[in-house]
Amino acid sequence: MINQNKMIRKCFSIAVSGLLILLLPAACSKGVLSAASRVEFVMGTLCRIDLFEDGNPALYNRLFTRLAELESIFSANRDDSELARVNHNAGLNAVAVSAELFTVLERALYFAEATDGAFDPTVGPLVKLWGIATDHPRVPADWEIDAALALVNWEELELVAGVKDAPIAGTAFLKREGMALDLGAIVKGYAADELVSILREAEVTRAIIDLGGNIYVWGKKDNGEPWNVGIQDPGAERGDSIGILELEGGISVVSSGVYERFFTGDNGKRYHHIMELRENGGGRRGYPAENGVLSTAVIAASSMDADALSTSCFVLGVEKGLVLAAANGAEILYIIEEKRVLGSPGAMAIFTY
Ligand code: AMP
Ligand code: MG
């Protein structure tokens, strides 16, 4: 029975680009992506949008154009992004920024403060140093890690709001040369929220957005039942879920995990992409967090918050993370060592495993 369930789950797992797995029987039974969906590589990840019966080329174009636009603002890897302009001016000038960048930076600072810097949008120098998402990742020397850590400090990101209704939202200033923003832990969530506002405006009845595992379910399934979202089994192949979340539309699920982006060092050890900045759980500062957490999945109406919380709660560990999620009106699941599942009561109530 268990095996059969596993097979069914695997069969229904499609477009698995992150830790979350969409369970869409119709598309799977055809063995191909449904005509009512589109997949593209944007914002450094595989993005899939399912609009079902409301899908049409013009609307898909609009949604993916919006994602490309967001990439051109927020990319930490492109030299011509708005974010790169702030980084290039570190230690030199405050930079006038768009309302979009300002909004996300403000929210990132909120979570930096709430986590006492365990979540930090100025993590850029450390992320670059490790090169984890690049094709040349490496374990840096101690002195390099110390030098990068010295440049990571959210309190030295200064945001000044502009006057109301001015064409620019305000300015952003990284106070020391070499500092760099990296919004990889929050921006896919912001993007999902932006796509949802287009869905709302276009009066789309039901949809699923999956931005590299950053999921938003919208509206009702055709049979009126809740959406099923599988949570990746940390020890298994991509697409094998450890359990299923049942979700009513109008909500986001965002996950962070040890195997989302990682590399294996010469010593055979795996290094993932979420950095320990505060020694919260016994891991080393400047190294990937090692506190027994394998993954988090955060459920909230705001995908931006769910995204920031997924990373924050991952580094904070179970005890502090449960408190932080609750304080921000979110539900959370943790998968910890030995594949144990823990979570907030609201999350456990809708999780089957
Ligand atoms: P996520 O997949 O949402 O958990 O975000 C992970 C990404 O956020 C990484 O690939 C880095 O770009 C960035 N990041 C890594 N560690 C941190 C941290 N401690 N605080 C904020 N962002 C981080
Ligand atoms: Mg995140």
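Higher on the page you've got the structure.
Residues numbered from 1 in each chain as written. Chains lettered and ligands numbered in written order. Predicted model: local features only at pLDDT ≥ 70, side-chain atom pairs only at ≥ 80, totals over all residues. Heavy atoms only, no water.

S.K.: I tried to follow the site of ligand 1 on my own but got confused; where do I start?
M.R.: In the vicinity of ligand 1 there are 15 residues, among which A118, S256, H273, M275 and T311 approach most closely. A distance of 2.6 Å separates an oxygen atom of ligand 1 from a polar side-chain atom of S256. Between a nitrogen atom of ligand 1 and a main-chain N or O atom of M275, the distance comes to 2.9 Å. Relative to its free-state accessible area of 510 Å², ligand 1 is covered by the protein chains to the extent of 94%. Judged by its atoms lying within 2 Å of the grid points, ligand 1 is housed in the largest pocket. Considered class by class, the residues forming the shell around ligand 1 number eight nonpolar, four polar and three charged. (Near = heavy atom within 4 Å. Polar contact = N/O pair within 3.5 Å; in protein donor to acceptor, adjacent residues only side chain to side chain. Areas by Shrake-Rupley, 256 points an atom, 1.4 Å probe, with all protein chains shown as cover. 1 Å grid on protein atoms, 1.4 Å probe; cavity = no way out; pocket = protein on both sides within 12 Å on 5 of 7 lines; lining within 4 Å. Sits in = over half its atoms within 2 Å of the grid points. Nonpolar A, V, L, I, M, F, W, Y, C, P; charged D, E, K, R; others polar.)

S.K.: Explanation requested: the packing of aromatic side chains in the structure shown.
M.R.: What characterises a pair of aromatic rings is the spacing of the ring centres plus the angle enclosed by the ring planes. All chains considered together, the criterion is met by seven aromatic pairs. Where F351 meets Y353, the ring centres are 5.2 Å apart and the plane angle is 25°; that geometry is what we call stacked. An aromatic cluster is present here, built from Y110, F111 and F119 joined pairwise through their rings. Above the face of the Y110 ring, R107 is positioned so that its terminal group lies 4.2 Å from the ring centre. Sitting above the plane of the Y271 ring, K269 keeps its charged end 5.8 Å from the centroid. (Phe/Tyr/Trp six-rings, centres within 6.5 Å; stacked < 30°, edge-to-face > 60°. Lys NZ or Arg CZ within 6 Å of the ring centre and 35° of its normal.)

S.K.: Can you walk me through the pairing of strand β4 (residues 45-50) in this structure?
M.R.: Sheet faces and side chains relate simply in a regular strand, where the side chains alternate between the two faces. In terms of burial, β4 is largely enclosed, as five of its six residues are buried. Both strand β3 (residues 37-42) and β4 contribute to a ladder of six bridges, which runs antiparallel. Its bridge partner lying in β4, E40 is registered against C47. The turn joining β3 and β4, which pair antiparallel and follow one another in sequence, is formed by two residues; a positive phi near 50° is taken by M43. (Buried < 20%, exposed > 50% of the residue type's maximum accessible area, 1.4 Å probe, protein only. Helix = DSSP H or I, 4+ residues; strand = E, 2+ residues; numbered from the N terminus. Pairing = 2+ DSSP bridges.)

S.K.: It is not clear to me how the pattern of salt bridges should be interpreted in this structure. Could you clarify?
M.R.: Close approach of charged atoms lets side chains of opposite charge pair. Tallied over the full model, the rule gives 16 salt bridges. A salt bridge links R38 to E40; the shortest N-O distance between them is 3.7 Å. The partner of R107 in a salt bridge is D305, with the nearest N and O atoms 2.9 Å apart. One end of the pair, R107, is in helix α5 (residues 99-114); the other, D305, is in helix α9 (residues 303-316), with 198 residues separating them in the sequence. Here D305 falls in the buried class, since its relative accessible area comes to 12%. A single network of salt bridges, built from pairs that share partners, joins R66, E69, E100 and E194. (Salt bridge = Lys/Arg side-chain N within 4 Å of Asp/Glu carboxyl O.)

S.K.: Would you mind going over the sheet that holds strand β16 (residues 331-336) with me for this structure?
M.R.: Strand pairing in a sheet relies on backbone hydrogen bonds, with the paired strands running either antiparallel or parallel. Pairing is antiparallel across the open sheet formed by eight strands, whose spatial order is β3-β4-β8-β9-β12-β15-β16-β17. Looking along the sheet, the strands with just one partner apiece sit at the ends: β3 and β17 (340-343). The mean inter-strand angle of the sheet, taken between neighbouring strand axes irrespective of direction, is 15°. Strand direction decides the pairing type here: strand β9 (residues 214-218) and strand β12 (residues 251-257), joined by four bridges, are antiparallel. For Y216, the partnering residue across the bridge sits in β12 and is S252. (Axes fitted to C-alpha atoms, helices over the stretch in contact; angles between N-to-C directions.)

S.K.: What should I look at first to understand the side chain of D210 in this one?
M.R.: The topology assignment puts D210 in strand β8 (residues 207-211). One buried charge, D210, has no salt-bridge partner; the nearest side chain with opposite charge is R48, at 6.1 Å. Here the side chain of D210 touches G213 through a polar contact of 2.6 Å, landing on its backbone nitrogen. (Lys, Arg positive; Asp, Glu negative; His and termini not counted.)

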